[in-house]
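These are the residues of each chain, in order.
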Amino acid sequence: MTDKLSQSADKVLDHYTLFRQPEYAAMFEKKKTEFEYGHSDEEVARVSEWTKSEDYKAKNFAREAVVINPTKACQPIGAMFAAQGFEGTLPFVHGSQGCVAYYRTHLTRHFKEPNSAVSSSMTEDAAVFGGLNNMIDGLANAYALYKPKMIAVMTTCMAEVIGDDLQGFIANAKNKESVPADFPVPYAHTPAFVGSHIVGYDNMIKGILTNFWGTSENFDTPKTEQINLIPGFDGFAVGNNRELKRIAGEFGVKLQILSDVSDNFDTPMDGEYRMYDGGTTIEETKEALHAKATISMQEYNTTQTLQFCKEKGQEVAKFNYPMGVTGTDELLLKLAELSGKPVPASLKLERGRLVDAIADSHTHMHGKRFAVYGDPDFCLGMTKFLLELGAEPVHILSTSGSKKWEKQVQKVLDASPFGKSGAAHGGKDLWHLRSLIFTDKVDYIIGNSYGKYLERDTKVPLIRLTYPIFDRHHHHRYPTWGYQGALNVLVRILDRIFEDIDANTNIVGQTDYSFDLIR
Amino acid sequence: MSLSENTTVDVKNLVNEVLEAYPEKSRKRRAKHLNVLEAEAKDCGVKSNVKSIPGVMTIRGCAYAGSKGVVWGPIKDMIHISHGPVGCGYYSWSGRRNYYIGDTGVDSWGTMHFTSDFQEKDIVFGGDKKLHKVIEEINELFPLVNGISIQSECPIGLIGDDIEAVARAKSAEIGKPVIPVRCEGFRGVSQSLGHHIANDAIRDWVFEKTEPKADFVSTPYDVTIIGDYNIGGDAWSSRILLEEIGLRVIAQWSGDGTMAELENTPKAKVNLIHCYRSMNYIARHMEEKFNIPWMEYNFFGPSQIAESLRKIAALFDDKIKENAEKVIARYQPMVDAVIAKYKPRLDGKKVMIYVGGLRPRHVVDAYHDLGMEIIGTGYEFAHNDDYQRTPHYVKEGTLIYDDVTAFELEKFVEAMRPDLVASGIKEKYVFQKMGLPFRQMHSWDYSGPYHGYDGFAIFARDMDLAINNPVWGVMKAPF
């Protein structure tokens, strides 16, 4: 060993530099050869190549049981997200406590914001005797400590497997005065072994609306001019919900967002910690019953809720994460139709500016091949936008995607000449996508942070445009919806394309003739 | 909540005030977990390792998190199946920064998420058949896998699946260890039981069923690193010091670890334990069964590192003892330079810590080395033996909080106004909103390593950048 240390106070080496120093490289080599008993480099290289092959892809696609790197979470996190969009609402997750730690962590890592929710902390005895006492004590404690305006109850799979009855338990807890009798405690059963986070979102929204609107069908509910809008589980909710409200303002439409997390998930740093902030108020939620219509921005997040709205005599309209020019056109036309007001000139102007931007840059996107993955609605909206840009969506994949969804994607692809090489993969995961990309290469991947492993393996650049984004900061504060949102998405895609071209043309004297100043 | 202007705080009174907010039954229970450390105390005077109270926002996790997330997950050449619904594996996917070197997806699987993705029919009819299929598919698609663990999620224990039978059958069939772990999330009161269950699974399904490698040649200097998860490379910046003093680290448990390293561990001359909480069980077992002594050490901060190196060297011959002194001397100028640079910027700064495992006590002297002061500390999932080990590090008057609730921690911090809060991701933004510098002390806030001398430089730099960033100065609007 030399006396010179790599680490120093002057220039502190971080992990990504420190471990590349020769002393560590030697240590790693020694550990590997003397202690790990791994496979030979040749064998690893051979298998590595095999995982990129058609043969491997066939085996990979023959999988029936194991799921590897899925694009879905479980129901309760979606339910929690939905509940957190209501004013002063504390999610109360009935079941094992570790789940709540996970949901809070996951949402916090994406939004870089505090995330509050409690658990009923059921343990082995509760598994045997049921969690009634946990509900009774839990509601009392949560109410006393965190002073919510509403507690929204959902379940972990543990409580579902043992069959705890939320309705009965909550009534029981109210009888025991855990919370006042008139205190709102909506609930939703959210079994993790059914659907995914988007189904949990649906269940919770329906649970909250049911709490205030009542269960019975009433097609003759008196109506106002208001239009409700349910955004769905959306990692860009902070930017998007604000953009929707701005659009409604331009329109002069009374638009009520049901579950608006935009303020709760974007509180200022001014010395005061706000445990709750903003959100749809209880009064607004009650009033929303009388809206003439409810729009869902994400069909697959609201299957049951929209049916429920219909039963209250509301007109309903559903979208699939509408993005881009025509996606936004359709949304605005629907708003115009439902409100009887024309699309305002200001938005038409924004549209023109967006189209102008696309025209300015279209050469860089035309014919570029993309893989897109994420929730079913996001995939649909993104695919549509790519087609509009002259790009070619090739692999469109969603673990939560159904056969119906696959057909929907196919229809979108079929409507454009740029969709001819595209195919939808419902119920598949990111390990399937790895095979797809190796065997049928694309130029870019659109997804979330988990896609960085695909980028590393396939060397196809990743563009992060959907939840969760853990390793880039603050993008969720900018909208992806509306013409302004489309412009943001466009810029994100273009930036990645330009960075990619620069990175591939930067070797001095070899490739840098194309290292163009002007692109 | 915003910060009060209190500068001197009657901590005992503060505890009582904070408890006032609870309903009576919960107040009595929580009171037993909060205390102010007394002079010459043998322990911290708090109750621990009991159930969290429902509805209070505990920061704890579950047994699955303790087994899959902590102990088993980092073993890189195995595939760990999150057995049950999709969520547990999804949320814990790549969350802990357990660094490893390997070809992910080919001979290592640390940053991947494998699940049996239970559907309703699996709950109703049982999941054993599916588990058979999952293991077959894994073995076909990942032929270089050196072992498979089955990490049970809540439903497994509730629906009566026999994962042990599946493990035995499949292990015989594929000729590789298949290890069932009964770490259902409802077991125990925190992640701690998950650590214990995971340790027991290694005892019963690795030590009992496998042998050390036949060609493994022992030396008198063989040691292991137990209870280091290589977060941000911690085990590496520790290993390098042990190697420098002339020891041979034959196994890392479990950061950057392999199946072979687990199997060869009974060949060690001494097991060196960093995270006592999560791995003392297996060390005690090896002491009883294989007569291998174990020793706790602490590689946070130069004072503890030097002390630990000397204690470790004392177990070996003079050559190792001399080497230890040489290594300490070799790093001393770098340590001095780090302290000279950062101590003036950090001296006297007050810290409140709330984390898990060993850190609520183990990191204390690293802060002291920088002139910083600990005014409160607590554990997520400690047992009494952790609280017995704590007074060695912290001084009289320190506020101690066991399984603190979000409410309590917020109130304590608000009143005590530390200069830095050192806790986890769920706490980070709460305190930053209040205008308080914060460092995540689970993930090292995506930095690290913090272990060893190389890690100390990073630790010192990180504490400085947290506390002395100009952002805190612009928090208040001038209008």
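What counts, and at which threshold
- Residues numbered from 1 in each chain as written.
- Chains lettered and ligands numbered in written order.
- Predicted model: local features only at pLDDT ≥ 70, side-chain atom pairs only at ≥ 80, totals over all residues.
- Heavy atoms only, no water.
- Helix = DSSP H or I, 4+ residues; strand = E, 2+ residues; numbered from the N terminus.
- Rg over C-alpha atoms; globule rule 2.2 N^0.38 Å.
- Buried < 20%, exposed > 50% of the residue type's maximum accessible area, 1.4 Å probe, protein only.
- Areas by Shrake-Rupley, 256 points an atom, 1.4 Å probe, with all protein chains shown as cover.
- Lys, Arg positive; Asp, Glu negative; His and termini not counted.
- Charge placed at Lys NZ, Arg CZ, Asp CG, Glu CD.
- Contact = heavy atoms within 4.5 Å.
- Phe/Tyr/Trp six-rings, centres within 6.5 Å; stacked < 30°, edge-to-face > 60°.
- Salt bridge = Lys/Arg side-chain N within 4 Å of Asp/Glu carboxyl O.
- Core = buried A, V, L, I, M, F, W, Y, C linked by side-chain atoms within 4.5 Å.
- Pairing = 2+ DSSP bridges.
- Axes fitted to C-alpha atoms, helices over the stretch in contact; angles between N-to-C directions.
- pLDDT = per-residue confidence, 0-100.
- Parallel < 35°, antiparallel > 145°, perpendicular 65-115°, else oblique.
- Left-handed = near helix turned anticlockwise from the far one by under 90°.
- Nonpolar A, V, L, I, M, F, W, Y, C, P; charged D, E, K, R; others polar.
- Buried area = accessible area lost by both parts, 1.4 Å probe.
- Polar contact = N/O pair within 3.5 Å; in protein donor to acceptor, adjacent residues only side chain to side chain.
- Expected span 1.5 Å × (residues − 1).
- Arc of directions from axis to C-beta.

### Notes on the overall build of chain A
A tally of regular secondary structure across chain A gives 21 helices and 13 strands. The C-alpha atoms of chain A give a radius of gyration of 25 Å, which matches the 24 Å a tight globule of 519 residues would have. In terms of principal-axis extent, the alpha carbons of chain A reach across some 75 × 60 × 50 Å. A burial count over chain A gives 61% of its 519 residues as buried. A total of about 19400 Å² of accessible surface is found on chain A, and carbon and sulfur atoms cover 53% of it. Side-chain charges in chain A split into 56 positive and 67 negative, and the spacing between the mean points of these groups amounts to 2 Å.

### Comments concerning the overall build of chain B
Regarding its fold elements, chain B presents 20 helices and 14 strands. In terms of overall size, chain B behaves like a compact globule, its C-alpha atoms giving a radius of gyration of 23 Å where 479 residues would be expected to give roughly 23 Å. With the C-alpha coordinates of chain B rotated into their principal frame, the extents come out at 70 × 60 × 45 Å. A burial count over chain B gives 69% of its 479 residues as buried. The contacts of chain B with a sequence gap of at least 6 include a subset with a gap of at least 24, amounting to 72%. Of the roughly 15100 Å² of accessible surface on chain B, 51% is carried by carbon and sulfur atoms. Charge-centre separation for chain B: the mean point of 57 positive side chains lies 2 Å from the mean point of 65 negative side chains.

### Structural notes on the packing of aromatic side chains
Residue and element names in this part refer to chain A. Enumeration over the complete set of coordinates arrives at 46 aromatic pairs over all chains. Measuring from centroid to centroid gives 5.0 Å for Y143 and F183, while their planes differ by 75 degrees, and the two rings are edge-to-face. Here Y143, found in helix α8 (residues 132-146), pairs with F183, found in the loop between α10 (166-175) and α11 (197-213); they are 40 residues apart in sequence, far enough to count as distant. Using a relative accessible area of 30% as the deciding quantity, one classes Y143 as partly exposed.

### Considerations on the environment of D495(A)
All names here are of chain A. Mapped onto the secondary structure, D495 falls in helix α21 (residues 482-503). With a relative accessible area of 40%, D495 lands in the partly exposed category. For D495 and A171, which are 324 residues apart along the polypeptide, the C-alpha to C-alpha distance reads 55 Å.

### So, the pattern of salt bridges
Here the idea is simple: oppositely charged side chains can pair when their charged atoms come close. Residue and element names in this part refer to chain A. Under the counting rule described, the total for this entry stands at 75 salt bridges over all chains. Between E299 and K404 there is a salt bridge, with its nearest N and O atoms 2.7 Å apart. Taken together, the positions of E299 in the loop between β7 (293-296) and α14 (303-311) and K404 in helix α18 (residues 403-414) put the pair 105 residues apart, joining distant regions of the chain. With a relative accessible area of 47%, K404 lands in the partly exposed category.

### Overview of the nonpolar core
Formed by 216 residues in total, the largest nonpolar core has its most connected members in W72(B), F142(B), W253(B), I312(B), Y367(B), M441(B) and Y453(B). Of all the elements, helix α14 (residues 318-346) of chain B adds the most residues to this core, at ten residues. Look past the residues within four positions of Y367(B) in its chain and what remains in contact with it is V351(B), I353(B), M372(B), I374(B), L420(B), A422(B), M441(B), F459(B) and M463(B). Among the nonpolar cores identified, the runner-up in size contains 60 residues, and F378(A), L386(A), V409(A) and I463(A) belong to it.

### Quick look at the sheet that holds β7(A)
Either a parallel or an antiparallel arrangement is found when strands of a sheet pair, and the pairing is made through backbone hydrogen bonds. Residues and elements named next belong to chain A. Here we have four strands laid out as an open sheet, ordered β6-β5-β7-β8, and parallel in their pairing. Lying at the two open borders of the sheet, with one neighbouring strand each, are β6 (255-257) and β8 (315-318). Sheet twist, expressed as the mean angle between neighbouring strand axes with direction ignored, is 20 degrees. As judged from the four bridges shared by strand β5 (residues 227-230) and β7, these two strands associate in the parallel manner. When the sheet's bridge partners are listed, N228 is paired in β7 with T294. Relative to β8, α14 is tilted by about 160 degrees, and along the sheet it contacts β5, β7 and β8.

### Remarks on the environment of L380(A)
All names here are of chain A. Within the secondary structure layout, L380 lies in helix α17 (residues 376-388). A C-alpha to C-alpha distance of 13 Å links L380 and L465, two positions 85 residues apart in sequence. If sequence neighbours within four positions are ignored, L380 has contacts with Y300, N320, W405, Q408, V409 and V412.

### Let's talk about the confidence of the model for chain B
Averaged over every residue, the pLDDT of chain B is 97; the share at 70 or more is 99%. We note a pTM of 0.98 for the whole complex and an ipTM of 0.98 for its interfaces.

### Some remarks on the packing of helix α5 (residues 75-83) of chain A against helix α6 (residues 98-111) of chain A
In helix packing, the relevant descriptors are the interaxial angle and the interaxial distance, both defined with respect to the helix axes. Residues and elements named next belong to chain A. Between α5 and α6, whose axes approach to 10 Å, the crossing angle comes to 60 degrees. One finds that α5 runs oblique with respect to α6. Here α5 and α6 pass one another in a crossing that is right-handed. Facing P76, I77, M80 and F81 of α5, the residues of α6 in contact are Y103, R104, H106, L107 and F111. In the contact of α5 with α6, the residues fall into seven nonpolar, one polar and one charged.

### Topic: the interface of chain B and chain A
The interface is formed by 125 residues belonging to chain B together with 106 residues belonging to chain A. For the pair chain B and chain A, the two sides together bury roughly 9800 Å², of which 63% comes from carbon and sulfur. When the area that chain B buries against chain A is broken down by residue, the three leading residues are M57(B), Y91(B) and K433(B), summing to 10%. Summed over the shared surface of chain B and chain A, the number is eleven salt bridges. In this structure, K433(B) and E113(A) form a salt bridge, with 2.9 Å as the shortest nitrogen-oxygen distance. Taken together, the connections running from chain B to chain A amount to 44 residue pairs in polar contact (both at pLDDT 80 or more). Classifying every residue of the side of chain B that touches chain A gives 62 nonpolar, 33 polar and 30 charged.

### Observations regarding helix α2 (residues 22-36) of chain A
Look at α2(A): 20 Å from first C-alpha to last across 15 residues, which is about the 21 Å you get at 1.5 Å a residue. Listing the buried residues of α2(A) in full gives Y24(A), M27(A), F28(A), K31(A), F35(A) and E36(A). The arc that holds the buried residues of α2(A), viewed along the axis, is 100 degrees, so those residues lie on one side. Along α2(A), the residues that are exposed and aim more than 90 degrees away from the buried face are P22(A) and T33(A). Buried-residue contacts for α2(A) involve α1 (15-18) of chain A together with α10 (234-244), β7 (248-254), α11 (259-264) and α20 (452-467) of chain B. Once α2(A) ends, the next one or two residues include Y37(A), with phi positive near 50 degrees.

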